[in-house]
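Tertiary structure, described
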Protein chains: 2
Amino acid sequence: MKAFVTVMALTGALLSSTPVLAQFAKPEDAVRYRQSVMFIMQYNVGRVAAMVQGKAPFDAKVAAESAANAEFMSKLPWPAYVAGTDKVGNTRAKPEIWSDAAKFNETAEKLQAEMAKFSAAAKTGSLDNIKATLGGVGGTCKSCHDNFRKD
Amino acid sequence: MKAFVTVMALTGALLSSTPVLAQFAKPEDAVRYRQSVMFIMQYNVGRVAAMVQGKAPFDAKVAAESAANAEFMSKLPWPAYVAGTDKVGNTRAKPEIWSDAAKFNETAEKLQAEMAKFSAAAKTGSLDNIKATLGGVGGTCKSCHDNFRKD
């Protein structure tokens, strides 16, 4: 019971009653959440990219795990793009995320689709298959950053 | 192809040839990686805990998704506890993580097991079932923080 009370105390402050923030207690938390997701996603893609590049030895198991991690992460950041959180902390989010929400959402969907292909390819254990999907992932990352992230 | 080259350029520096760092290019990246994972995990547990507490309305779908996210995250941080990264940046990692590795690993396994129970409970759609597993999650978080994280 003590542990239960502790987790309550630790986490009870996380939910806000402010509707606009939905799942985030503070705008800063939304920024930190999506940046955390992006960092983990980038790292897992990078691990596989290094294998494709020949900078790291190909390890099919690590590649499959890393790609599955990246695929999972690609589903997580979107609720954290809470309107107004382009003015918080050290975010590089552009206001176009909200002013051109249809395009942003389309890119978000595309990223998840490309990540699913990437992860499926990695499960086959073939470096050639992985290589064939990496451009789609990288292109979607780049296009979203070009349009929706400040330099 | 340009996108492919871009993802290569973006990610090619991520892999280190330093064996001790394994999957991380820099010690700071390992710290950031595990802190990112912990933040996302904590946030997803917190979302469910708020429902158990009555601080947020119970939404079975959000609870199940959040618990599944937390379960997934519970598998990720462990390779990022690279020896020596208790001396890097603003980490609160204690040296006991490595000097008492058996106990740390045991706690890591326990967390994953408790998170699996928590996520399975959340899939049932019953708040009572979720409540019954939250103490196990919170207790394992607390015990690991007490033993392996500086105040």
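Values in this document were obtained by computation on a predicted structure and should not be read as measured data.

The subject of this paragraph is the nonpolar core. As a rule of thumb, nonpolar side chains are buried together in soluble globular proteins. Core analysis: the largest hydrophobic core is formed by 77 residues, its most contacted members being Y33, M73 and F118 of chain A together with Y33, M73 and F118 of chain B. Secondary structure elements with two or more residues in this core: helix 2 (27–53), helix 3 (60–73), helix 5 (101–123) and helix 6 (127–148) of chain A together with helix 2 (27–53), helix 3 (60–73), helix 5 (101–123) and helix 6 (127–148) of chain B. What F118 of chain A contacts, discounting residues up to four positions off in sequence, is V45, V48, A67, A70, I130, T133, L134 and V137 of chain A.

A word on the confidence of the model for chain A. Caution is warranted with low-pLDDT regions, since their predicted coordinates should not be read in detail. Residue and element names in this part refer to chain A. The pLDDT averaged across chain A works out to 88; a share of 85% of its residues lies at or above 70. In this model, residues 1–21 is a region of pLDDT below 50 whose contacts with residues beyond four sequence positions or in other chains number 42 contacts. For this predicted complex, the interface confidence reaches an ipTM of 0.86, while the overall pTM sits at 0.87.

Moving on, we get to the environment of A93 of chain A. Residues and elements named next belong to chain A. Within the secondary structure layout, A93 lies in the loop between helix 3 and helix 4 (96–99). Overall, the relative accessible area of 5% leaves A93 in the buried class. Through-space distance from the C-alpha of A93 to that of A132 is 30 Å; in sequence the pair is 39 residues apart. Sequence-distant contacts of A93, that is, excluding residues within four places in its chain, are made with R34, D86, W98, F148 and K150.

It is worth spelling out the packing of helix 2 of chain B against helix 6 of chain B at this point. Residues and elements named next belong to chain B. The N-to-C vectors of helix 2 and helix 6 enclose an angle of 125°; their axes lie 10 Å apart at closest approach. Between helix 2 and helix 6, the crossing angle belongs to the class labelled oblique. The way helix 2 lies across helix 6 gives a crossing that is left-handed. Where helix 2 abuts helix 6, its residues V45, V48, A49, M51 and V52 lie against L127, I130, K131, L134 and V137. Of the residues assigned to the contact of helix 2 with helix 6, the class counts are 9 nonpolar, no polar and 1 charged.

The rules we used
- Residues numbered from 1 in each chain as written.
- Chains lettered and ligands numbered in written order.
- Predicted model: local features only at pLDDT ≥ 70, side-chain atom pairs only at ≥ 80, totals over all residues.
- Heavy atoms only, no water.
- Core = buried A, V, L, I, M, F, W, Y, C linked by side-chain atoms within 4.5 Å.
- Buried < 20%, exposed > 50% of the residue type's maximum accessible area, 1.4 Å probe, protein only.
- Helix = DSSP H or I, 4+ residues; strand = E, 2+ residues; numbered from the N terminus.
- Contact = heavy atoms within 4.5 Å.
- pLDDT = per-residue confidence, 0-100.
- Axes fitted to C-alpha atoms, helices over the stretch in contact; angles between N-to-C directions.
- Parallel < 35°, antiparallel > 145°, perpendicular 65-115°, else oblique.
- Left-handed = near helix turned anticlockwise from the far one by under 90°.
- Nonpolar A, V, L, I, M, F, W, Y, C, P; charged D, E, K, R; others polar.

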